[in-house]
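What follows is each chain in one-letter form.
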Amino acid sequence: NTGWLGEENECTWSSATCNDQNLLTILLLESNNLIGQIPSEFSLLSNLEDIIFFDNKMSGPLPDISNLKGLKKFDVEKNSFVGPAFSSLSELLLLESYLLSDNELTGSIPEDIGKLTELKNFWIIDNKISG
């Protein structure tokens, strides 16, 4: 879709949910046959709580999500993402679900993952992850 992260207000997107201040909180793009990368500008959407790109044809590296302090769910399962899986993960203290299965992601499970006391779902199978 053209216009993403441009002039148009994200709250007009059919797959978006916004809060009372008209700020994007949920982005649900499950099974949309999306291709390409997640734009790095997603880190600017600091009110996001849920990002769901489950079951698409997306690729490239995961974006830096360390700025999304209110993030609760990050689901990129069943795509073709590559590269590090755990950049700045320990900063997301409200994270409940981190779902990465069925990609080509790499890295080791960070030692400080225990800081994520809200984490209930951590799915990383079918990647190149160790630890």
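## Some words on the nonpolar core
- If you look at the biggest cluster of nonpolar residues, it comprises 30 residues, and the most contacted ones within it are Phe 53, Phe 74, Tyr 98 and Leu 100.
- Look past the residues within four positions of Leu 100 in its chain and what remains in contact with it is Leu 62, Phe 74, Val 76, Glu 77, Ala 85, Phe 86, Leu 105, Trp 123, Ile 124 and Asn 127.

## With respect to the sheet that holds strand β3 (residues 35–36)
- The 5 strands are arranged β3-β5-β7-β9-β11 in an open sheet whose pairing can be described as parallel. What marks the edges here is a single partner per strand, and that holds for β3 and β11 (128–130).
- Pairing analysis gives 3 bridges linking strand β7 (residues 80–84) to strand β9 (residues 104–108), with the strands arranged parallel. Counterpart to Pro 84 in the pairing with β9 is Thr 106.

## Re the packing of aromatic side chains
- Summed over all chains, the structure comprises 5 aromatic pairs.
- Look at Phe 86 and Tyr 98: their rings are 6.3 Å apart centre to centre, the planes differ by 40°, and that puts the pair in the tilted class. Placement of the pair is Phe 86 in the loop between β7 and β8 (97–99) and Tyr 98 in strand β8, with a sequence separation of 12 residues.
- Here Tyr 98 falls in the buried class, since its relative accessible area comes to 3%.
- These aromatic residues form a ring-pair network of at least three members: Phe 74, Phe 86, Tyr 98 and Phe 122.

The rules behind each value
- Residues numbered from 1 in each chain as written.
- Predicted model: local features only at pLDDT ≥ 70, side-chain atom pairs only at ≥ 80, totals over all residues.
- Heavy atoms only, no water.
- Core = buried A, V, L, I, M, F, W, Y, C linked by side-chain atoms within 4.5 Å.
- Buried < 20%, exposed > 50% of the residue type's maximum accessible area, 1.4 Å probe, protein only.
- Contact = heavy atoms within 4.5 Å.
- Pairing = 2+ DSSP bridges.
- Helix = DSSP H or I, 4+ residues; strand = E, 2+ residues; numbered from the N terminus.
- Phe/Tyr/Trp six-rings, centres within 6.5 Å; stacked < 30°, edge-to-face > 60°.

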